[in-house]
Every structure is written in structure tokens, then in C-alpha cells.
Amino acid sequence: MTKETYLHDKHIQLKAKMVDFAGWSMPVQYTSIIEEHKTVRENVGLFDVSHMGEVFVSGKDSVEFLNKIVPQNISKLNYEKAVYCQLPNTKGGLIDDLIIYKLGINNYLIICNASRIDEDLNWMVRNKRGFDVKIDNQSHNYSLLAVQGPKAVLLMQKMGLNTNQESFTIKAAKIAGIKVLISRTGYTGEDGFEILVENEYSEFLWDKILEEGEEFGIKPIGLGARDTLRLEAALHLYGNDLDENTTPVEAGLSWSIPKDKKDDYNGKDVIMNQLQNGVEKRLVGLKMLDKSIARHGYDVYFNGEKIGIITSGAPSPTLGENIALAYVKNIENICTGTIVQVMIREKLHNAEVVKRPFVAKRNRIKL
Amino acid sequence: MSFTDKILCSKSHEYLLDNGDNTFTVGLTDYAIEQLGDIVFLELPEAGQEFKKGDTFATIESVKAASEIYLPISGKIIEVNEGLTEAPETLNEDCYENGWLVKIEATGDESEQADLMEYEDYKEELE
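Residues numbered from 1 in each chain as written. Chains lettered and ligands numbered in written order. Predicted model: local features only at pLDDT ≥ 70, side-chain atom pairs only at ≥ 80, totals over all residues.

Draft legend 1. Summary view of the overall build of chain A. From N to C terminus, chain A includes 8 helices and 20 strands. Based on the C-alpha atoms only, the size of chain A along its principal axes is roughly 60 × 50 × 45 Å. Per-residue burial for chain A yields a buried fraction of 47% across its 367 residues. Considering only residue pairs separated by 6 or more positions, chain A has 67% of its internal contacts joining residues 24 or more positions apart. (Helix = DSSP H or I, 4+ residues; strand = E, 2+ residues; numbered from the N terminus. Buried ≥ 20, exposed ≤ 12 C-beta atoms within 10 Å, placed from the backbone. Contact = placed C-beta atoms within 7 Å.)

Draft legend 2. Structural detail: the overall build of chain B. Scanning chain B from terminus to terminus reveals 4 helices and 10 strands. In chain B, the succession of helices and strands from N to C terminus is β-β-β-α-β-β-β-β-β-α-α-β-β-α. Rg of the C-alpha trace for chain B: 13 Å, near the compact-globule value of 14 Å for 127 residues, within the 12% margin. Its C-alpha atoms give chain B principal-axis dimensions of roughly 35 × 35 × 25 Å. (Rg over C-alpha atoms; globule rule 2.2 N^0.38 Å.)

Draft legend 3. Expanded view of the pairing of strand E2 (residues 17–21) of chain A. Residue and element names in this part refer to chain A. Sheet analysis places E2 next to strand E3 (residues 24–29), joined by 5 bridges and oriented antiparallel. Paired with Val-19 across the strands is Met-26, a residue of E3. Hairpin connection of E2 to E3: 2 residues between the antiparallel strands, including Ala-22 at a positive phi of 50°. (Pairing = 2+ DSSP bridges.)

Draft legend 4. Highlighting the interface of chain A and chain B. Contacts between chain A and chain B engage 12 residues on the former and 9 residues on the latter. Among the secondary structure elements, those contributing two or more residues to the side of chain A that touches chain B are helix H2 (33–42), helix H7 (223–232) and strand E17 (305–316) of chain A. Within the side of chain A that touches chain B, the residues separate by chemical class into 5 nonpolar, 4 polar and 3 charged. (Nonpolar A, V, L, I, M, F, W, Y, C, P; charged D, E, K, R; others polar.)

Draft legend 5. Main features of the nonpolar core. All names here are of chain A. The biggest cluster of nonpolar side chains holds 125 residues, and the ones touching the most others in it are Ile-100, Leu-145, Val-147 and Ala-294. The biggest single contributor to this core is strand E18 (residues 321–329), with 6 residues. When we break this core down by domain, the ones giving at least three residues each are domain 1 (1–279) and domain 2 (280–354). Once residues lying within four places of it in the same chain are set aside, the contact partners of Ile-100 are Leu-66, Val-70, Ile-74, Leu-77, Ala-82, Val-83, Cys-85, Tyr-108 and Ile-110. (Core = buried A, V, L, I, M, F, W, Y, C linked by C-beta atoms within 7 Å. Domains from an automatic or database assignment.)

Draft legend 6. Inspection of the domain arrangement of chain A at higher detail. Residues and elements named next belong to chain A. For chain A, the assigned domains are domain 1 (1–279) and domain 2 (280–354). One C-alpha centre belongs to domain 1, the other to domain 2, and the line joining them spans 28 Å. Secondary structure elements with two or more residues in the side of domain 1 that touches domain 2: H2 and H7. Split by residue class, the side of domain 1 that touches domain 2 holds 6 nonpolar, 5 polar and 6 charged.

Draft legend 7. Spotlight on the environment of B:Gly75. All names here are of chain B. One can find Gly-75 in strand E8 (residues 75–80). A sequence separation of 42 residues divides Gly-75 from Ile-33, and the C-alpha atoms of the two residues are 23 Å apart. Setting aside residues up to four positions removed in sequence, Gly-75 forms contacts with Phe-24, Phe-51, Ile-104, Glu-105, Ala-106 and Thr-107.

Draft legend 8. Looking closely at the sheet that holds strand E15 (residues 281–288) of chain A. Residue and element names in this part refer to chain A. The strand order around the closed barrel built from 6 strands is E15-E18-E17-E16-E19-E20, with neighbouring strands paired in antiparallel fashion. Sheet twist, expressed as the average angle between the axes of neighbouring strands with direction ignored, equals 45°. Sheet analysis places strand E19 (residues 339–344) next to strand E20 (residues 347–354), joined by 6 bridges and oriented antiparallel. When the sheet's bridge partners are listed, Val-342 is paired in E20 with His-349. Lying over the sheet, H7 contacts E17 and E18, oriented at roughly 125° with respect to E17. (Axes fitted to C-alpha atoms, helices over the stretch in contact; angles between N-to-C directions.)

Draft legend 9. Examining the pairing of strand E4 (residues 45–48) of chain A more closely. Residue and element names in this part refer to chain A. Of the two faces of E4, both are covered, the one formed by Gly-45 and Phe-47 as well as the one formed by Leu-46 and Asp-48. Bridge count between E4 and strand E10 (residues 142–148): 4 bridges; the pairing is antiparallel. Bridge pairing in E10 places Leu-46 opposite Val-147. Where E4 lies against strand E14 (residues 219–220), 2 bridges are found, and the strand directions are parallel. By the bridge assignment for E14, Leu-46 is matched with Pro-220.

Draft legend 10. The confidence of the model for chain B, seen in detail. Summary statistics for chain B give a mean pLDDT of 97 and a share of 100% for residues scoring 70 or more. Overall fold confidence (pTM) sits at 0.96, and the ipTM for the predicted complex is 0.90. (pLDDT = per-residue confidence, 0-100.)

Draft legend 11. Main features of unusual backbone geometry. Residue and element names in this part refer to chain A. Cis geometry marks the peptide bond from Arg-356 to Pro-357, where omega comes out at -5°. Looking at the element boundaries, Pro-357 is found in the segment after E20. Positioned with a positive phi, Lys-15 is a non-glycine residue whose angle comes to about 60°. Relative to the assigned elements, Lys-15 resides in the loop between helix H1 (8–13) and E2. Residue Lys-15 is classed as exposed on the basis of its 9 C-beta neighbours within 10 Å.

Pasting the structure below:
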């Protein structure tokens, strides 16, 4: 049975095209992916991402427990701060990627991928032995709205929010009289906010944001544009660019891993070894040199030899070019500017290795 | 008579327009285009190429995915709508008068059209 978010009726009213995503009926687009994409890059867009998981971790061993399951240093995470984390298995492969928020002493919120909630919970329960910790899956009680784009800050200010809030922080706030948790994070490469609200108020808040946002050109945005936006920002999509056979080092996430963390964590030996001695495959950005589009699963060649595989690929509406993420063999002569080939319908098409992100990120706009 | 009154449609959403003299115009229905969304890339065959009924003769890509297009009857390509590969977004505006894909000369017999539906029936089938 396909699950529906509390905003499902709103999507139907807005004539969204609905698709199945990780067992949820979700809007893929309302009008046009390209139009919606541009709305987020130029103005502001509203996303229903209520399918994502919310798991609360509490108890006196919360920090020790979280330190065991993620490579990041949760001891250093301050009150109301957020940190991008991964959930590695014992071989360093990724069960999920997530954001952990510190809500209080021994009180943490984990926001995880919809497709991975069950796996994440199983893994956490398996790892909690010996820790005095409570793992509370509240995914079914919360809706999550994302307000993203350069004008998100104007809209949130108009709605009474203190927009001095820093990037990667979370605060309890009231919007339109509704108690919410608001986080300055997103998955678009733009400045923006993610609003965690109890299900029963989500429809009211959705309508209110669209109404108040009208003067800023707000539009509802589907998962189609969410995908092209995150790809331009070179943000990983679990299931495409990350999986249980991929380590964070291979995925280009070394920047997120502290080198001095004392605590032991799952996969630490593999991850530390890769940080020191290098990896066999690594993530690169590609730009197609003709009009062809590389898609998930296509093979990548160099000097006639297969060296890798595309994990995400799409047209970039911002650049007007076709871009992709690929895992390639970590060989010396593949660097920025190298021309490789992508096999598309039995023909090789040239692509250039380019720097990530494809489109510069704008994490926080100050007023 | 509107364009859709004159066409036959396949279950895989191609249309066939009889131009007489054993030649036909082939394209994708408005339903197919609407389902695909923004069209960003089109790969068409070359004039002279021959295909059997059901063969993939072209590829269309929306922002999200690539899809194959099948020839509704056996035929030889006699004309390609060249302008479309430069401006694939034309298909989102008009997939009939301006957005046809290829013209073909039929190489099979009329019985190949037996599984094609009139537009009204095709629409009904979708519901």
C-alpha cells in the first residue's frame, strides 16, 4: 500500500503528477520540472518532504551511542547545531546519510532518507546494546516542509521568523501561530529553511506559506526539480550515489569526517585506512560535451577501457548543459579537464571531468 | 476534422497518420508528452533506414529519463522532422502539426494496423 503524506490532497488540488517514491505517493512535478527548478534558483519554492524520517535519540548515553554509529564527532556538536553525517556499516559502506541535530542535553534529532528508515532503525537497534539510549521513530507524526531559494529568507522574515539564524542550526519557533522546529538547511544548493511541523498543522502551514510567498513568486516544487537542484549542487542521492558498497571517502565526503575523533565507530578502520592510503574508486563530476544525457547505470570509458559508472545524470537547467556524477577508477590521469567517454545507446559520447558542485552553493543569505 | 480524428494510436503512445500513397506520419500522442514532461533531447533515425513494426526507431529524453519510441507499423524512413532535434521543446507545445517525428513508407501490409486504436478509443483505454 502506497503511503501518503498529510499534504497529499493539496498536491492533487494543485494537479501535481504523482509518482511512487520509496513507497510514498509524492508529487514529481506540478507544472514543469525546468520551470520549478528555475523558481528555486531565482525566487523561492515550497517542497513537501514529509516522507523523510525523523528519529529522536535520547538517554544518558546518547552522545556515546551516536559517536559509535557515525564518523562525525557528536561530542563537539553544540546546542541547536546540525551536522551532516553518514551511517556506515562495519565495512565503511553507507547504510544511509543523515543530518543530526542537537535539541538539548541527551536529546538529538536524526533526519534520514525515506527509503532507508527501516534499515536505519534496525541498524540503530542492533548497535544500542550496552548504551542507555532511547530510539524513538516519530516519522509518522511529523510533516517536513522545505522553503528554498534566494527569497526564502525574505518570506520567512515576513512570516515573523528571526532570519539571523545561522546555516546548519535548528530552533524552536512559531510560524503563523504554529509551533515548529525550523532548520536552516536544504537539499537544493540554495539558502533555505526546513520546517518540522506536527501533521495536523501541515496543511494550514502549506497554504499559509504559499499565500504569504506569492509576492516573492513562490511555487510548489516536486521531486523532479528537487533532483536536478541537488545534482547541480552535487549533493548525493542515497540509492544512486551512495549505497552499502560505497564508503564516504570514495563518495567525496572526506571533508565531513574528523581525522582526530578518538571514539571507535563502525567502519572506522576502513575509512581511516582509505583517508591515509587512498581509494580504488572515487566520485567525479562530468559535463557532457554534446547534447547527450548520461543516466544512472551508464558505463564510463577512458582510452577504450571501462573505468566506471554513472550514478546520477540529468540536464542542468541552470547551466544549459548535461551533467552527471560518476564513480571511476582512481587512476592518476583522471583529473579536472580530462575527457572521458560515456556509453549511451551503444555509442561513446565525450564528457569532461569538472569540479563539483556544478553550480555554486548559496548556503546563507544575510539580510 | 481535427488532427486527432485522423490518427491511429498504439498502446505505447505512438500515433500513425495515413497520408495516402502508402506513406504515413509517425509521432507521439499528447498523453505521452504530458506524461514525459519537459522534453530535452531527441534522437531520430536517418532517412532510408528500415524498421519492423515494434522496433525502436527513436529515443526521447525528458528531464527525468530516456524512453524508446517504437514504430507502430513496419516501414522505411522517408523524412525526418530535423528541426525537432534542435528544438525538442516544440513537442511540449505541439506534438501533432509541428511535432511529428518521421514520415515513413509502409513495408508491411494493412493487417499490421489491427492493434492500433482510434484516438477516442485510445483515450478511453487510458482511463
